[in-house]
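# Structural overview
Here is what each chain is made of, one letter per residue.
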Amino acid sequence: MTKLAETITERRRQTRNSIYQYMFFSDTPHSKQEIASDLSLSMPTVHQNLTELIEAGLVRRDGTQQSTGGRRAMRLTIAENAHFAIGISVTETGLRFLAANLRMQEIAYKRTQGLPINEIDDLGRLLADELEKFLDEFGLNRNKLLGVGIAIPAVINVERNEIALAPTLHLKDISLDKITKYLPYSYYISNDATSGGYAEWFTQTAQSCMAYLFLEIGVGGAVLLNGAPYEGQNRRSGEFGHMCVEPNGLPCKCGKRGCLEAYCSTARISDNLGITLEDFFEGLELQNPVYGALWQDVLQHLAIGINNIRMALDCDVVLGGYLTQFIEPYLPEIRRLAAALNTFENKADYIRLCRYPMRASMLGVALHFIREFMENI
Ligand SMILES: [Zn+2]
């Protein structure tokens, strides 16, 4: 792979970038003619830029197109494996590592076994060591690594370079350096739910406004407005888990009562019962009456939360997090319950399931580097 010339004028760089972005956002490969016509550029301009991009190893010929007779037009697409980024998820039960290529396809994934994070003395050392092991184990070329994103269930104060609060990790007011100080790569830290929402939002065809409700042990979310996460004055926007859905209701990990998280956390239907989520949903299908009543209560409060989000923001609500793997059969019921609460609508088609139930936060935080790369070619 050769490097792209950096001495070109800004105008030429913008043209090259528009061609690259056009291919980046296309699911199918394109011919030079299509690119020239769709971007209103001359054929010599397109040809010259594509030659540079191909020589730099960033665009490749795509051999999958069938000939329809006549002269076969060469079709081109981005070289998705030219670079990759890593997303790391820090949760109370351990670390997860994911490598994604430029098409956001997962090329490697690993989780550390049984490491209660709050019992680790030096989280930064552990994270850096495990990252190196991950790179070695999957033979990932460090020269192609764009950067390392870290998704963490925490309110992060960027100005003070601190984790302000991470209840599930039992961390408060600690410096981010404790996590990043041994990393020899570019890194970026973000809240896990914000990262997950960002991955969902970025891969939608129409990137409009969206609220993302993240359903795992912790319940959180993100608000995506006009192309970027809306973070709020204190970076606490989208903390849907701590909306009150039942005054004086069940106790929440945050110390208050009646929060959405207290009702819709995965812990309520797995850890608290001493069973797995799979056990719970199997039992539910077999009509276990205790599970049935509990699930109905989860759904009722979930619907209250979703309807409140809809009332405040009037945008689609996308359900994410690993609970959503099990939710599809219950989506009609969730929509029915939410619609019944709504003053303005009698249908709740605005509720959708996410595209990445399992690894959205890691993909989203890795995407920070992929997007930066794509925008700066
Ligand atoms: Zn709470």
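Residues numbered from 1 in each chain as written. Predicted model: local features only at pLDDT ≥ 70, side-chain atom pairs only at ≥ 80, totals over all residues. Heavy atoms only, no water.

Let us look at the coordination of the zinc ion. Tetrahedral coordination by four donors puts the ideal angle at the metal at 109.5 degrees, and octahedral coordination by six puts it at 90 or 180 degrees. Protein ligation of the zinc ion involves H242 (ND1), C252 (SG), C254 (SG) and C259 (SG), the donor distances falling in the range 2.0 to 2.4 Å. Angles of 104 to 118° at the metal separate the 4 donor atoms of the zinc ion, which places the site in the tetrahedral class. Every donor residue of the zinc ion comes from the same chain, spaced as H-x9-C-x1-C-x4-C. Here the residue H242 occupies a position in the loop between β14 (228–229) and α7 (260–264), and C259 occupies one in the loop between β14 and α7, the gap between them amounting to 17 residues. (Donors = N, O, S within 2.8 Å, 3.2 Å for Na, K, Ca; no water. Tetrahedral: all angles 85-135°; square planar, octahedral: opposite > 155°, others 65-115°. Helix = DSSP H or I, 4+ residues; strand = E, 2+ residues; numbered from the N terminus.)

Let us look at unusual backbone geometry. Unusually for a residue other than glycine, S40 sits at a positive phi of about 50°. Turning to its location among the elements, S40 is positioned in the loop between α2 (32–39) and α3 (43–55). Exposure remark for S40: the relative accessible area of 69% places this residue in the exposed category. The phi torsion at R235 lies on the positive side, around 55°, for a residue other than glycine. Within the secondary structure layout, R235 lies in the loop between β14 and α7. (Buried < 20%, exposed > 50% of the residue type's maximum accessible area, 1.4 Å probe, protein only.)

Further remarks concern the confidence of the model for the protein. For the protein, the mean per-residue pLDDT works out to 91, and 95% of the residues sit at or above 70. Element-level pLDDT for the protein is lowest in β14, with a mean of 82, against a maximum mean of 98 in helix α11 (residues 331–341). (pLDDT = per-residue confidence, 0-100.)

Turning next to the packing of aromatic side chains. Evaluation of the coordinates by the stated rule reveals 17 aromatic pairs. Pairing Y198 with F202 gives two aromatic rings, centres 6.1 Å apart and planes at 40°, and the pair type is tilted. Here Y198 and its partner F202 are both found in helix α6 (residues 192–202), 4 residues apart, which amounts to about one turn of the helix. Here the two residues Y198 and F202 agree in accessibility, since each one is buried. Ring centres 5.2 Å apart and planes at 85° place the aromatic pair F280 and F281 in the edge-to-face group. For F281, a relative accessible area of 6% gives the class buried. One aromatic cluster is present, built from ring pairs that chain together Y20, F24, F25, Y198, W201, F202 and F373. We note R125 situated over the ring of Y182; from NZ or CZ to the ring centre the distance is 4.1 Å. Here the basic side chain of R359 rests over the ring of Y109, its NZ or CZ set 3.4 Å away from the ring centre. (Phe/Tyr/Trp six-rings, centres within 6.5 Å; stacked < 30°, edge-to-face > 60°. Lys NZ or Arg CZ within 6 Å of the ring centre and 35° of its normal.)

What follows concerns the sheet that holds strand β3 (residues 75–78). Ordered by their spatial adjacency, 3 strands build an open sheet running β1-β3-β2, and the pairing between neighbours is antiparallel. Strands with a single pairing partner mark the edges of an open sheet, and in this sheet they are β1 (30–31) and β2 (59–61). Judged from the 3 bridges that link them, β2 and β3 form a sheet pairing that is antiparallel. Its bridge partner lying in β3, V59 is registered against I78. Sheet contacts for helix α1 (residues 10–24): β1, β2 and β3; angle to β3, the most-contacted strand, approximately 90°. Those strands touched by α3 are β2 and β3, and its axis lies near 95° from that of β2. (Pairing = 2+ DSSP bridges. Contact = heavy atoms within 4.5 Å. Axes fitted to C-alpha atoms, helices over the stretch in contact; angles between N-to-C directions.)

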